[in-house]
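Residues per chain, in single letters:
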Amino acid sequence: MAKTAQLIIDGKTYEFPVIVGTENETAVDISDLLEKSGAITLDFGYKNTGATKSAITFLDGDKGILRYRGYSIEDLAEKSTFLEVAYLLIFGELPTTDQLNKFSGDIKNHTMVHEDIKKILDGFPSSSHPMGVLASLFCAQTAFYPEALDPNRAAEGVYLSIVRSLAKMPTFAAWAFKNAVGHPVNYPDNRLDYCSRFLKMLYALPAEDYHVDPVVADALDKLLILHADHEQNCSTSTVRIVGSSKASIYSSISAGINALWGPLHGGANQEVILMLEAIRKDGGDTEKWINKAKDKNSGFRLMGFGHRVYKNFDPRAKIIKKAADDVLKKLGVNDPVLEIAMKLEEVALRDPYFIERKLYPNVDFYSGIIYRALGIPVDMFTVMFAMGRLPGWIAQWKEMRENKEPIGRPRQVYVGQKLRPYVPIAKR
Ligand code: CMC
């Protein structure tokens, strides 16, 4: 028998269907609550609110499970490539060789960026944070490909926008960095794979015969896979909600880039390294910093710790910790902040404050250490996250569109002034 839930308001009982997902996740469907009862739900930060049904990513925060389209993140990180995972997320199945060749070939055909977009880049001061530049350049595509503004675009047109997004993202990302250092930009070298192409645009100096280290390219590919989707988080929900107004894919994803930028979301990876460096400069006393994080008056949080959904180890953090160790060894890098990170983790994991609140290292705790070892500048860390998250945003935008979801429009409980008469300025 179908399960139902009952809600009693002012003695009157209302009944609602209970929806159960593939992995037995349970939700009370309150779609007609307002209509039936005149009441709404209130849930700051949407901590208990499901905004959609999705078939893309499964996450069990208590068990530390993350799966894309049913495949475990551990399996994908070990055996797959970023473009294969992008295809899986966006189109629902792992690609055959032919499908993958076509997909990566289409992406290669669109890596160049219109020269006039470069003029927009030239308008940014070198002090601009690369995330702001990235969001702006990404959104600027609406001006260069106005057909993407058509909300009823046919599937082939949507495919083209998807390919353009994936193709140009590394070019925009590398250019945002070149702008920050005041260097001329590099153009994409289509003989290279996705990550190597990006790394060459990022690092090569003019007239330099630059060779990408495969260890670096492989490590970056793995990091992008780990970041590729994470169901309904702040930036992904932003992409879906902007897209629900039938705004273009480029504006929806640009909004997601902006949402990701904040230090409580993707911006945390940059903050982690700044924090670890500050601890090192301060003498490396991890206990002192743990105490600071526990003191609510300090305003300081242990960056890279805690997660809205994971109340167990973030599975991505486990993979990244091992990858950080491998990459540092392979590249022969001895980063003193890795030692501080491990000490901090050890102290936090046996501290009752962190145990009681189930605060574990998250994906951002060790990713910054790898980025640093790969030579990626701190300001670019969140850009790397955005590059990785792009297929997830695309998949979620596409799913929202194909499900014909209604425009996102939350309600509120008004707590302001009641009606009052206007007071002329002389009498205030
Ligand atoms: N350091 C110290 N205390 C913390 C931390 C932390 N990093 N995170 C949470 N707490 C405490 C918090 O003060 C609260 O304590 P109390 O119950 O005594 O008031 C309790 O733990 C619950 O915290 P919350 O802020 O209600 O939890 P949330 O689910 O709203 O926030 C979070 C999740 C990720 C924003 C938060 O843990 C945080 O600020 N972490 C640091 C930033 C960070 O690493 N963000 C990256 C998240 S992973 C990448 C991504 O997906 O975006």
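Residues numbered from 1 in each chain as written. Predicted model: local features only at pLDDT ≥ 70, side-chain atom pairs only at ≥ 80, totals over all residues. Heavy atoms only, no water.

Between its first and last C-alpha, helix 7 (residues 155-181) extends 39 Å over 27 residues, near the 39 Å set by a 1.5 Å rise per residue. At Lys168, helix 7 is bent by approximately 35°, the largest bend along its length, and proline Pro170 sits one to four residues beyond. Helix 7 sits mainly inside the fold: 21 of its 27 residues count as buried. Within two residues after helix 7, Gly182 carries a phi angle of roughly 75°, on the positive side. (Helix = DSSP H or I, 4+ residues; strand = E, 2+ residues; numbered from the N terminus. Expected span 1.5 Å × (residues − 1). Bend = angle between axes of the 7 residues up to and from the residue. Buried < 20%, exposed > 50% of the residue type's maximum accessible area, 1.4 Å probe, protein only.)

Turning to the nonpolar core, a few remarks are in order. In this structure, Phe198 and Leu302 are the most contacted members of the largest nonpolar core, which totals 114 residues. Sequence-distant contacts of Leu302, that is, excluding residues within four places in its chain, are made with Met275, Ile290, Ala293, Leu344, Ala348 and Phe354. (Core = buried A, V, L, I, M, F, W, Y, C linked by side-chain atoms within 4.5 Å. Contact = heavy atoms within 4.5 Å.)

A few words now on the site of the ligand. Lining the immediate environment of the ligand, one finds 21 residues, of which His265, Arg301, Leu302, Gly304 and Arg308 sit closest. The separation between an oxygen atom of the ligand and a polar side-chain atom of His265 is 2.5 Å. One of the backbone N or O atoms of Leu302 is found 2.8 Å from a nitrogen atom in the ligand. Taken by itself the ligand offers 940 Å² of open surface, and the protein chains cover 79% of this. (Near = heavy atom within 4 Å. Polar contact = N/O pair within 3.5 Å; in protein donor to acceptor, adjacent residues only side chain to side chain. Areas by Shrake-Rupley, 256 points an atom, 1.4 Å probe, with all protein chains shown as cover.)

Taken in spatial order, the 3 strands line up as 4-5-6 in an open sheet, and their pairing is antiparallel. Every interior strand has two partners, whereas the edge strands, strand 4 (57-60) and strand 6 (71-72), have only one. (Pairing = 2+ DSSP bridges.)

Let's shift gears to the pattern of salt bridges. Counted under the stated rule, the structure contains 21 salt bridges. Two residues, Asp106 and Lys102, come together in a salt bridge whose shortest N-O distance is 2.6 Å. Of this pair, Asp106 and Lys102 both sit in helix 4 (residues 97-108), 4 residues apart, roughly one helical turn. Residue classification places Asp106 among the buried residues on the basis of a relative accessible area of 17%. Ionic pairing is found between Glu277 and Arg372, a salt bridge with its closest N-O pair at 2.3 Å. With a gap of 95 residues between them, Glu277 in helix 12 (residues 268-281) and Arg372 in helix 17 (residues 363-373) connect regions that are remote in the sequence. Judged by its relative accessible area of 21%, Glu277 falls in the partly exposed class. The exposure class of Arg372 is partly exposed, given its relative accessible area of 23%. The network of salt bridges with shared partners includes Asp189, Arg191 and Lys200. (Salt bridge = Lys/Arg side-chain N within 4 Å of Asp/Glu carboxyl O.)

Attention shifts here to unusual backbone geometry. A positive phi angle, near 50°, is found at Asp10, a position not held by glycine. By the element assignment, Asp10 lies in the loop between strand 1 (4-9) and strand 2 (12-20). By relative accessible area, Asp10 is classed as exposed at 81%. A positive phi angle is found at Lys358, which is not glycine, with a value near 55°. Mapping Lys358 onto the fold places it in the loop between helix 16 (352-356) and helix 17.

Spanning 13 residues, helix 11 (residues 249-261) covers 19 Å between terminal C-alpha atoms, matching the ideal 18 Å at 1.5 Å per step. Counting buried positions along helix 11 gives 10 out of 13 residues, so the element sits mostly inside the fold. For helix 11, the full list of buried residues reads Ile249, Tyr250, Ser252, Ile253, Ser254, Ala255, Gly256, Ile257, Ala259 and Leu260. Buried residues along helix 11 sit in contact with helix 6 (130-144), helix 7, helix 10 (234-244) and helix 18 (381-402).

When the domains of the chain are assigned, the result is domain 1 (4-50) and domain 2 (76-404). Computed over C-alpha atoms, the centres of domain 1 and domain 2 are 35 Å apart. (Domains from an automatic or database assignment.)

Here we take up the pairing of strand 5 (residues 65-68). On strand 5, burial follows the alternation: Leu66 and Tyr68 on one face are buried, whereas Ile65 and Arg67 on the facing-out side are not. Here strand 4 runs beside strand 5; their pairing, made up of 4 bridges, is antiparallel. Residue Phe58 lies in a different strand from strand 5, and its bridge partner there is Arg67. Adjacent in sequence and paired antiparallel, strand 4 and strand 5 are bridged by 4 residues, among which Gly64 carries a positive phi angle near 70°. The sheet contact formed by strand 5 and strand 6 spans 2 bridges and is antiparallel. Within strand 6, the position partnered with Tyr68 by the bridge is Tyr71. Taking the residues between adjacent antiparallel strands as the criterion, strand 5 and strand 6 are bridged by 2 residues, where Arg69 takes a positive phi near 50°.

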